[in-house]
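# Chains, contacts and geometry: an overview
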Amino acid sequence: MAAQLYKDGGFVADDWRHLGDDDLLPEAGAVILPLARFLESVATAPASLKLAVLLRAADDPDALAPHLSRLELIAVDFAKFSDGRGYSTARLLCRRHGFDGELRAVGDVLLDQIPLMRRCGFTAFEIVHAPTRRALEAGHNVEVPLYLQPAERAGERPAGARAWARRPAASPV
Amino acid sequence: MYRYDEFDTDFVSARVEQFTDQVRRRLAGDLDEEQFKPLRLMNGVYLQLHAYMLRVAIPYGTLNGAQMRKLAYVARTYDRGYGHFTTRQNIQFNWPRLKDIPAILEELATVEMHAIQTSGNCIRNVTADHFSAAAADEILDPRPYAEILRQWSSLHPEFSFLPRKFKIAVTGAPHDRAAVQVHDIGLQAKRDADGNVGFTVFVGGGLGRTPMIARKVRDFLPEEDLLAYCEAILRVYNRYGRRDNKYKARIKILVHETGVETLKADIEREFEEIRHGVLRLPQDEIDRITDYFAAPPFDADADDGSLDRASAADPALAAFVERNLHAHKAPGYASVTISLKPIGKAPGDATADQMDAVAALAERYGHDEIRVSHEQNLVLPHVRKADVPAIFEGLKAAGLAEANAGLVTDIIACPGMDFCALATARSIPVAQRISERFGTPERQRDIGDLKIKISGCINACGHHHVGHIGILGVEKKGEEYYQITLGGSGDENSSIGEIIGRGFSYDDVVDAVETLVDTYIGLRETPQEDFLAAYRRVGDAPFKEALYGTA
Ligand code: HEM
Ligand code: SF4
C-alpha cells in the first residue's frame with residue numbers, strides 16, 4: 001500500500017504502526033496506542049519500543065502532561081470529520097502544554113479541513129480519502145491564505161498593520 | 001460604516017475562489033453530499049424544499065445604498081425578483097441555482113458582501129441593535145465590537161466544526177433591541193463609573209425546541225478581554241457540548257446539564273490561562289475599528305418645524321410619525337422604520353424595486369446608511385425630521401409606508417411550509433391572514449404595541465417563544481395545528497411564553513388571536529397598558545377563559 005502519511009508537502013513513509021487495545025505489544029519498533037493503553041504501558045514498555053499515543057475526541061490532553069517531554073508523536077483521531085473536538089485538543093497540546101513534536105491528524109481527514117488543522121498545530125496527516133489524496137498529490141491548494149486570528153504557527157507573517165491579519169509562512173510546513 | 005481594506009478584499013475573493021472550487025469538486029464527485037454540506041452551509045447555501053437557498057450576511061445589519069442595490073440586482077438576475085430579510089439581519093434568496101452561486105458571490109464581493117458563516121455549525125453572523133449609533137438611549141455603539149468579533153470568528157480554525165451553530169448578539173443600550181438573552185453569547189456593552197467600557201456577558205440563551213433565557217456569567221467584562229473570554233467560552237463548548245443529539249447540542253443544553261456555576265468555573269479557568277496572551281484587545285485596534293463607525297456630521301437645523309406642520313395636515317403622515325419614528329440622539333433627527341409588513345404580504349419580503357427605492361432614499365436623505373432589524377424591517381437610522389415627509393412620499397410610492405412598526409401587524413414569521421423542508425405547518429399565510437384581520441389603521445393603533453411571532457415548526461426560526469403572542473405550527477393527524485403561547489418577550493426583561501391550552505386549526509387560529517386581543521382590550525387599565533404589561537398583571541386566566549370557556 002502506498003504511503004498514507006502526508007507531511008512537509010508530500011507523502012512519506014511512516015515508521016509508526018497503530019495498535020488497538022487488544023493487539024500484542026511488540027518488543028521493538030514504534031507503535032501508536034490508545035490513551036488508556038498508553039498510560040498503562042508507558043512505564044513498563046521495553047526501551048527498544050517507541051510509544052506514541054492516540055487521543056480520541058473525548059480524551060483529555062491534560063492526561064498526557066507528565067509524558068509530553070518524552071513523546072515524539074501524538075495522533076489525534078477525527079472519527080468523523082464533522083466532530084471538531086480534535087481542533088481544540090491540538091490547540092491545548094500546543095499552547096497549554098507546549099508540545100512541539102509531530103501532531104498527526106488521523107481518521108476522517110479531508111482536503112478542506114487540512115488548512116484549519118494546520119493552523120491549530122497539526123503537522124502531519126494520515127490520508128485515506130482517495131480524492132483528498134489525489135488533490136494533495138496534485139498540489140491542489142484549497143486554503144484561504146489570509147487569517148484573521150492571532151498567529152498560531154511559527155512562520156505566519158503579519159499582513160499589513162492590522163492587529164491580527166496574517167498570511168501563511170513563506171513555504172508550506 | 002466598516003469599509004474593507006485590501007486584506008478584507010483579498011480575503012473575501014479568496015473565499016469565493018475556495019467555494020467555487022468546492023462546488024466544482026462536488027459536481028465532479030470528489031466530495032459527497034455529506035462532506036459538501038458543512039462547506040456549503042459555511043457559505044450560506046441551504047438545500048430547501050424546492051431549491052437551494054442562499055443566505056447573505058449583513059454584518060450587524062448595517063449596509064449602504066450600493067450594497068442594497070446589489071442585493072436588488074441579485075434578486076432580479078438570479079432569483080425571482082425578491083429577497084427575504086431574516087430575523088438574524090441577513091437576507092435570503094430562495095431560488096438561486098447552485099451553479100450560479102459562485103457568480104452571485106463574486107457580484108456580492110464587489111460591494112464588500114459575502115455569505116460567510118451565515119449557516120453551519122460555526123460562529124454565525126454577529127447581530128447588533130438596529131438603532132446602533134442613533135438611539136437616544138444608547139450608551140455606546142456596539143458595532144465596533146460586533147465587527148471585531150466578526151473578524152476574529154471568520155474562518156476560525158478551531159471553531160468551524162462546533163457541536164452546533166453559535167450565535168452572538170451585542171447591544172449598547174439599556175433597552176435591548178438585539179434580543180441578546182436568547183443568543184448563545186449575549187453581550188450588553190456599558191461603561192463603569194470611570195467611563196471604561198465593558199460587557200455584561202450572557203451565555204446559553206436560545207429558542208428552538210428547548211427555549212432558554214441566557215444566564216449571566218460576567219457583570220462587567222473589560223473590553224480588552226472580549227476575545228479571550230469568547231474564545232474561552234467557545235473552547236469549553238467545543239470540547240464539552242453534546243454531539244450525540246443535534247437537538248441537544250446547543251450551548252444552552254450544556255449550561256443546563258452542567259449547571260451554570262460549574263460551567264462558569266470551566267470558562268474562567270480557560271480564560272485565566274489565555275487572558276494575557278495574544279487575544280488581549282489592544283486599545284489602538286479598538287480605536288481603529290471604532291473610527292469606521294463614526295456618526296455622520298449632523299446638521300444643527302435638521303428640524304425646521306415642517307414635519308409638525310405637515311403631520312398636522314396629513315393624518316397618514318402623522319400615524320407614520322407616531323409609529324415608525326424612533327428617538328435619535330442628535331436633536332432634530334430621527335430613525336425611520338421601513339415596515340416590510342404591508343397588510344396581507346409575506347413578512348420580511350422585499351422586491352428588487354423596493355430595495356432600489358430604499359437605497360435611493362438612504363442615499364438622498366439618510367447618510368447612505370440602512371439597517372436590517374431582527375424584526376424583519378429596514379431602518380434609515382439617521383434622517384433629518386424635516387426630510388421625513390419626503391421620505392414618507394418615497395416609501396408610499398414603493399408600497400413601503402405601512403405605519404405599523406411594533407403593532408399587531410408587524411409580525412415575524414418564518415418561511416414555514418411554503419419554502420422550508422423542515423416545516424410542519426404554514427406560517428406566512430397565517431401571518432397574512434392575521435395582518436388582514438387587524439389591518440385597519442384605527443384598529444391596529446387602538447390595540448397598541450403587540451408582538452406576534454410565528455414559526456412553522458419547533459425549530460422556532462420565527463421566535464414564537466418570545467412573542468407577546470407566539471404561534472407555533474405543528475402537525476397533528478395530517479393537519480396543521482397551531483399552538484399559542486402568551487407572555488413571551490425578547491428584550492432586557494426576556495421571558496419565554498407559556499402555552500395557553502390546546503391548539504387551533506388553520507381556519508380557527510386567526511379567530512383565536514382575535515379573541516385574545518379583544519380580551520386584552522376589555523381588561524387593560526388604560527390604553528397605555530400594552531398587551532404584555534396587561535398579561536403580566538392579570539396572568540393567563542382571563543385569556544384561557546375567553547378561549548376555552550370555564551371548563
Ligand atoms: C427556510 C430555511 C430554514 C431552515 C431549514 C432553518 C432551520 C433551522 C433550524 C433547524 C433551527 C434550530 C436550530 C437549533 O435549535 O439548534 C433554526 C433556528 C433558527 N432559525 Fe432557522 N431555518 C430556516 C430559515 C430561517 C429564517 C428565514 C430565519 C429568519 C427569519 C431563521 C431564523 C432562525 C433563528 C433566529 C433561529 C434560532 C432559534 C434559536 O436560537 O435556537 N431561520 N433554523
Ligand atoms: S421554524 Fe421550522 S418551518 Fe420555520 S423556517 Fe425554521 S425550520 Fe423552517
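Residues numbered from 1 in each chain as written. Chains lettered and ligands numbered in written order. Predicted model: local features only at pLDDT ≥ 70, side-chain atom pairs only at ≥ 80, totals over all residues. Heavy atoms only, no water.

Before going further, it helps to examine the domain arrangement of chain B. All names here are of chain B. Once the domains are mapped, chain B shows domain 1 (6-109), domain 2 (142-291), domain 3 (306-398) and domain 4 (412-548). When each unit is reduced to the centre of its C-alpha atoms, the spacing between domain 2 and domain 3 is 33 Å. Contacts between the two partners involve four residues from domain 2 and, on the opposite side, four residues from domain 3. Summed over both partners, the interface of domain 2 with domain 3 buries about 270 Å², with 41% contributed by carbon and sulfur atoms. Contact with domain 3 buries area across many residues of domain 2, yet R143, R177 and A179 alone supply 96% of it, more than any other trio. At the junction of domain 2 with domain 3, the criterion picks out one salt bridge. Across the pair E369 and R143 runs a salt bridge, and its minimum N-O distance is 3.2 Å. For the pair domain 2 and domain 3, the number of links is two residue pairs in polar contact (both at pLDDT 80 or more). By residue class, the composition of the side of domain 2 that touches domain 3 is two nonpolar, no polar and two charged. (Domains from an automatic or database assignment. Contact = heavy atoms within 4.5 Å. Buried area = accessible area lost by both parts, 1.4 Å probe. Salt bridge = Lys/Arg side-chain N within 4 Å of Asp/Glu carboxyl O. Polar contact = N/O pair within 3.5 Å; in protein donor to acceptor, adjacent residues only side chain to side chain. Nonpolar A, V, L, I, M, F, W, Y, C, P; charged D, E, K, R; others polar.)

What follows concerns the site of ligand 1. All names here are of chain B. Taken together, 22 residues form the shell around ligand 1, and within it Q48, K165, K167, R250 and C461 come nearest. Within the backbone of G208, an N or O atom sits 3.3 Å from an oxygen atom of ligand 1. Here the shell around ligand 1 is built from residues that sort into six nonpolar, ten polar and six charged. (Near = heavy atom within 4 Å.)

The next subject is the site of ligand 2. Around ligand 2 lies a shell formed by C414, P415, G416, C420, L422, A423, G456, C457, N459, A460 and C461 of chain B. Tallied by class, the residues present in the shell around ligand 2 amount to eight nonpolar, three polar and no charged.

A cluster of like negative charges, contributed by D21, D22, D23 and E40 of chain A, occupies part of the molecular surface. Mapping E40 of chain A onto the fold places it in helix α1 (residues 35-41). (Patch = residues over 30% accessible without salt bridge, like charges linked within 9 Å, V, L, I, M, F, W, Y side chains within 5 Å. Areas by Shrake-Rupley, 256 points an atom, 1.4 Å probe, with all protein chains shown as cover. Lys, Arg positive; Asp, Glu negative; His and termini not counted. Charge placed at Lys NZ, Arg CZ, Asp CG, Glu CD. Helix = DSSP H or I, 4+ residues; strand = E, 2+ residues; numbered from the N terminus.)

Before going further, it helps to examine the coordination of the iron atom of ligand 1. Tetrahedral coordination by four donors places them ideally at 109.5 degrees to one another around the metal; octahedral coordination by six donors ideally gives 90 or 180 degrees. There is one protein donor for the iron atom of ligand 1, namely C461 of chain B (SG), at 2.1 Å. For C461 of chain B, the position within the fold is in the loop between β17 (452-455) and β18 (469-476). (Donors = N, O, S within 2.8 Å, 3.2 Å for Na, K, Ca; no water.)

All right, on to empty space enclosed by the protein then. One pass over the structure, following the stated rule, counts ten cavities of 30 Å³ or more. What the largest cavity holds in volume is close to 270 Å³. Lining the largest cavity are 22 residues, with D112 and L116 of chain A together with Q18, M42 and L155 of chain B sitting closest to its centre. The set of elements that each furnish at least two residues to the lining of the largest cavity consists of α3 (114-119) of chain A together with α1 (6-28) of chain B. Residue composition of the lining of the largest cavity, by class: twelve nonpolar, six polar and four charged. (1 Å grid on protein atoms, 1.4 Å probe; cavity = no way out; pocket = protein on both sides within 12 Å on 5 of 7 lines; lining within 4 Å. Points joined across faces, edges and corners; volume = space filled by probe spheres on them.)

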